Amino acid sequence: MGSPRPVLITATLAAALAGALLAPLPGAVAAPAEDRPRPHPVREGSRDAPTAAARAPLSATAGALTDETRDLTGEGGYPRRTELEAPPENPADKSIKLGLAPYHSLAPRLNALQALGDRVSVEVAGRSAGGHELYLVTVTAPESAAQARDQERMRERIENAPAAAAKDRHIKAHYKTPVFINNNIHGNEWEGTDAALKLIEELAKAKDAKTADLLAKNRVYLNVTANPDGRIAGTRANSGGFDLNRDFITATQPETRAIRQIAIDKQPAVMLDLHGYVNGTLIEPTTPPHGENYEYDLFLKNSYANALGMEKAVNGLGYTAEKDGVRPAVIPFRDQEEGWDDWPPIFTPQYMPFQGAVASHTIEFPLVVNNNAYNTLPVEELRRRAAINTDIAGATMRATLDYTHTHRASVLADQIETFRRGAAGEPQRPVSEETVPGVPGIGPEDVYTAKFPRAYVVPAGRSQRSATAAARLVDHLVANDVRVERALTAFRLAGRTYPAGSYIVDMRQPKRGIANVILADGRDISADVGAMYDISGWSLGLLWGADVDAATSGELRVRTRTVHAAAPTGYVAPRGDLRLRLDDPKELAALNSLLKQGVEVRRATDGSAIVPGSARGRAAVLADRLGVAFHATREKGTAALERTRVAAATTAGELFALREMGFDVVPVSTAVLNAGFDWSTADVLYVSSGLNHAKLTPAARAAFEASGVGVVGLGEQGAAFNEAASLLDVTAVAGNGDANGVVRVRNAGGPITGGAPAHTFVYSPMWFTGAGAGVRVDQSYATGNPLVSGHWRPTEKGTGGPGDAAGHAAVVSGTSSAGTPVALFGTEPMFRAHPKGVFPQIGRALLSR
């Protein structure tokens, strides 16, 4: 057993957490930074203040739905000159006050850096949700087109033939090790961008032999600003209100997809993600729990060694607590017990190992310049702090380049070994002081491994809901560079028979880690640690609506073809009226499109939609575009469905999900309603964040009560609004506020949960008791322990655990005394726009007005 780690008390853990997904308009006052650790984040947005979602323009969200990133494999050699067009000067750019580079200055500066010589290339990796270009800089020694093609061939061989690559002398001698530096993913954590610009200039101008050798044997990729929207506005989030460093795996935002494509195309072996603000400078690797799908022995070996080098470089700058307010650097793995983990794959450095990184780090600069500090400190002090942070960021970058160059052979060998183990289907090596020599303090609390199945199968033909969802899931797997095959014939695996057309993910593949992250149920880690930094469960296999089977044994004996995109799933019956099930968000989008076009649609007894045969042509267009099915039916329906206009006090992720389902949404908040809201523009009020009934003026309350709109409430604020407005006669019970994960549920069917999956997502879970007359229980937590994966334990008082929730109502609905329909959710069906298979529960509730 390893020696216990001392607990190091550090300041401002919460500064990296505060204001998640909260994106004030330029000039608005952001939430104050807290100068104390907090192991678990606040929910997206404040409970009382207007959230970013209450102000986010529809155009930003709509653009994020359709934006595509560029293929960055490129053609030709290096340098690759791109003449960037400078955007108009923006004197309101929040970087200016700090003495840092405003976004509008980046294009001219990068153009000038390209002109310094033959080492610097710039490409546009995509556009932000707000339409700003994302600049990817490559710094390396010049390459001819033939040499660049050779580098790409070697990169492909490392991934796709790792056993052969491990013995390939040409690769060992000539492959340029890729290093990726990601900056400013949180828009109001600015300084990484400025440090990157300085580093690019230094490397471009340097005449020494060491730099020449570095660039001859490595490629340095720098995402100059990953979040230009937030950089300009001084917000953590992008213009769509999303915290981009929570969006990996789901990848709803164009900025996230751009980084994902960089990871796939460039295959970095080492990466940095530059953040702020934790004093002293925080340098990962992290505390337990560690992501169980990593080859963690290889990862820890390199990450810890590189962290030591960065620590030495940062402390060597000579800043002190007494003179400068800068404390010594912190390495959580060594210095802390828990609370800063690398368990969820939602962060950039935690995603990168699945694309080949054997060292990846979050770096947190020490001196706070955002939020309350930005608005209250003198400009001179802000600029002093920003200059120190920039200096520290640069030190971590240079130390990382030194480590990668010095250990190039072993770093490359470890990347190849990561892919080789996956392709060979070998078990992981648990970390210990024997398997990872040189890393002190490794104990049993650090051992997290996965038992990979032989394959995953997404069966064909079980249901239309699963077919539409399966296509979405398969396309997502492919987008993450997971190999997917499709069976050309029927086959048996692990005692089950599958029809032709079923999708197969053979887990003997180089990137098995990301495949397992996406498809596995996950793990209940409630007993392993007391505190988690962020979410602990996320299974796309359980939450995206598709049927997914894990085959733990057997051999694949079936003819297949490689899948580059899922097969079409759209269908329209040739005659008669049509039934559209509303079990998938794409089906809700199809329904809302038909209603918007004026088609007369009726509700069926099971909650599905009956579309008249006269709308067959319009249905065919939607079937082709969305992959949904319209089957023949003789049922005429019970009542007309109407276009639902939603006034939503909600988070950015939920707003995105509502719009993805095609609802007309007007963001509202306490302030918006108090200013006078025209209720004739809304049919339903959705409440989850940013609306406090107690803070409404008497006039605003009266206007709401007179409106007669239905209400859908979610979580603490939804339940509080229900109680204050005397809507449904139920008692809301709050579980442990730090709990989150994937849970088993029992669905009662009917308008809200008909066709719903047997799992959903919770975050600060709630349940309902004491249901009065007329209150229907639509969904209940499963009996026993409903938690499948995540972290949910009782509070210190012994209450609020999963056992307390078991069997109780998770979703209820009914009619208020005033005759308006109401639905309440204790779950999080649209959390961060992630659990797509359970979005329709909210959609159906909104339609039940």
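No experiment lies behind these values; they were computed from the predicted model shown.

(A) Representation of the packing of helix H7 (residues 209–217) against helix H15 (residues 379–406). Relative orientation of the contacting elements H7 and H15 amounts to 70 degrees, with a least axis distance of 10 Å. Accordingly, the angle class assigned to the pair H7 and H15 is roughly perpendicular. Crossing of H7 over H15 shows left-handed handedness. Contacts from Lys210, Asp213, Leu214 and Lys217 of H7 reach H15 at Leu401, Asp402 and His405. Among the residues forming the contact of H7 with H15, the class breakdown is two nonpolar, one polar and four charged.

(B) View of the sheet that holds strand S11 (residues 485–487). Reading across the sheet, the five strands line up as S15-S10-S14-S11-S16 and stay open at both edges, with antiparallel pairing between neighbours. Two strands lie at the open edges of the sheet, namely strand S15 (549–551) and strand S16 (560–562), each paired on one side alone. Taken over all neighbouring pairs, the strand axes of this sheet differ in orientation by 30 degrees on average, direction set aside. Here three bridges tie S11 to S16, and the two strands are oriented antiparallel to one another. Residue pairing across strands places Ala487 opposite Thr560, the latter belonging to S16.

(C) View of unusual backbone geometry. A cis geometry characterises the amide bond from Gly276 onward to Tyr277, with omega recorded as 5 degrees. Examined against the element boundaries, Tyr277 turns out to sit in the loop between strand S5 (270–276) and strand S6 (282–283). Between Pro288 and the following residue, Pro289, the backbone shows a cis peptide bond with an omega angle of -5 degrees. Looking at where Pro289 falls in the secondary structure, it is placed in strand S7 (residues 287–290). Although it is not a glycine, Asp481 adopts a positive phi angle of roughly 70 degrees. Mapping Asp481 onto the fold places it in the loop between helix H17 (464–479) and S11. A positive phi angle is found at Ala494, which is not glycine, with a value near 55 degrees. Structurally, Ala494 can be placed in the loop between strand S12 (491–493) and strand S13 (496–498). Owing to a relative accessible area of 39%, Ala494 belongs among the partly exposed residues under this scheme.

(D) Highlighting the pattern of salt bridges. Summed over all chains, the structure comprises 52 salt bridges. Where Asp335 meets Arg334, a salt bridge forms, and the shortest distance between an N and an O atom there is 2.7 Å. What makes Asp335 buried here is its relative accessible area of 10%. Put simply, Glu295, Asp297, Glu417, Arg420, Arg421, Glu426, Arg429 and Arg512 are held in one network by salt bridges that share partners.

(E) Broad picture of the packing of aromatic side chains. A full pass over the atoms with the stated rule returns 21 aromatic pairs. Taken together, Tyr294, Tyr296, Phe299 and Phe354 form an aromatic cluster joined through their ring pairs. Taking the ring centre of Tyr374 as reference, the NZ or CZ of Lys97 above it sits at 4.5 Å. Taking NZ or CZ as reference, Lys836 lies 5.8 Å from the ring centre of Trp544, over its face.

(F) Looking closely at the pairing of strand S24 (residues 664–667). In S24, alternate side chains face the same way, and those of Val665 and Pro667 are buried while those of Asp664 and Val666 on the opposite face are not. When strand S23 (residues 645–649) meets S24, the two strands line up parallel, connected through four bridges. Bridge pairing in S24 links Arg645 to Asp664. In this region the chain leaves S23, passes through helix H22 (residues 652–660) and returns to the parallel neighbour S24; the handedness of that crossover is right-handed.

(G) Just the environment of Met661, in detail. Mapping Met661 onto the fold places it in the loop between H22 and S24. Judged by its relative accessible area of 0%, Met661 is buried. When residues no more than four places from it in sequence are discounted, the contact partners of Met661 are Pro585, Leu588, Ala589, Asn592, Met830, Phe839, Pro840 and Gly843.

(H) Molecular detail of the nonpolar core. Among the nonpolar cores identified, the biggest contains 193 residues, and Phe630 and Tyr686 are the most heavily contacted of them. Broken down by element, this core gets its largest block of residues, nine residues, from H15. With sequence-adjacent residues up to four places away left out, Tyr686 is seen in contact with Val646, Ala647, Ala648, Ala649, Thr650, Glu654, Leu658, Val712, Leu714, Met830, Ile842 and Leu846.

(I) Inspection of the pairing of strand S3 (residues 177–183) at higher detail. For S3, the tally of buried residues reaches seven of seven residues, placing the bulk of the element in the interior. Burial of S3 is two-sided: the residues Thr177, Val179, Ile181 and Asn183 facing one way and the residues Pro178, Phe180 and Asn182 facing the other way are all buried. Note that S3 and strand S4 (residues 218–223) share six bridges and pair parallel. The partner of Thr177 across the bridge, within S4, is Asn218. Inspection of the sheet shows S3 paired to S5 by five bridges, in the parallel sense.

Rules and cut-offs
- Residues numbered from 1 in each chain as written.
- Predicted model: local features only at pLDDT ≥ 70, side-chain atom pairs only at ≥ 80, totals over all residues.
- Heavy atoms only, no water.
- Axes fitted to C-alpha atoms, helices over the stretch in contact; angles between N-to-C directions.
- Helix = DSSP H or I, 4+ residues; strand = E, 2+ residues; numbered from the N terminus.
- Parallel < 35°, antiparallel > 145°, perpendicular 65-115°, else oblique.
- Left-handed = near helix turned anticlockwise from the far one by under 90°.
- Contact = heavy atoms within 4.5 Å.
- Nonpolar A, V, L, I, M, F, W, Y, C, P; charged D, E, K, R; others polar.
- Pairing = 2+ DSSP bridges.
- Buried < 20%, exposed > 50% of the residue type's maximum accessible area, 1.4 Å probe, protein only.
- Salt bridge = Lys/Arg side-chain N within 4 Å of Asp/Glu carboxyl O.
- Phe/Tyr/Trp six-rings, centres within 6.5 Å; stacked < 30°, edge-to-face > 60°.
- Lys NZ or Arg CZ within 6 Å of the ring centre and 35° of its normal.
- Right-handed = clockwise from strand over helix to strand, strands pointing away.
- Core = buried A, V, L, I, M, F, W, Y, C linked by side-chain atoms within 4.5 Å.

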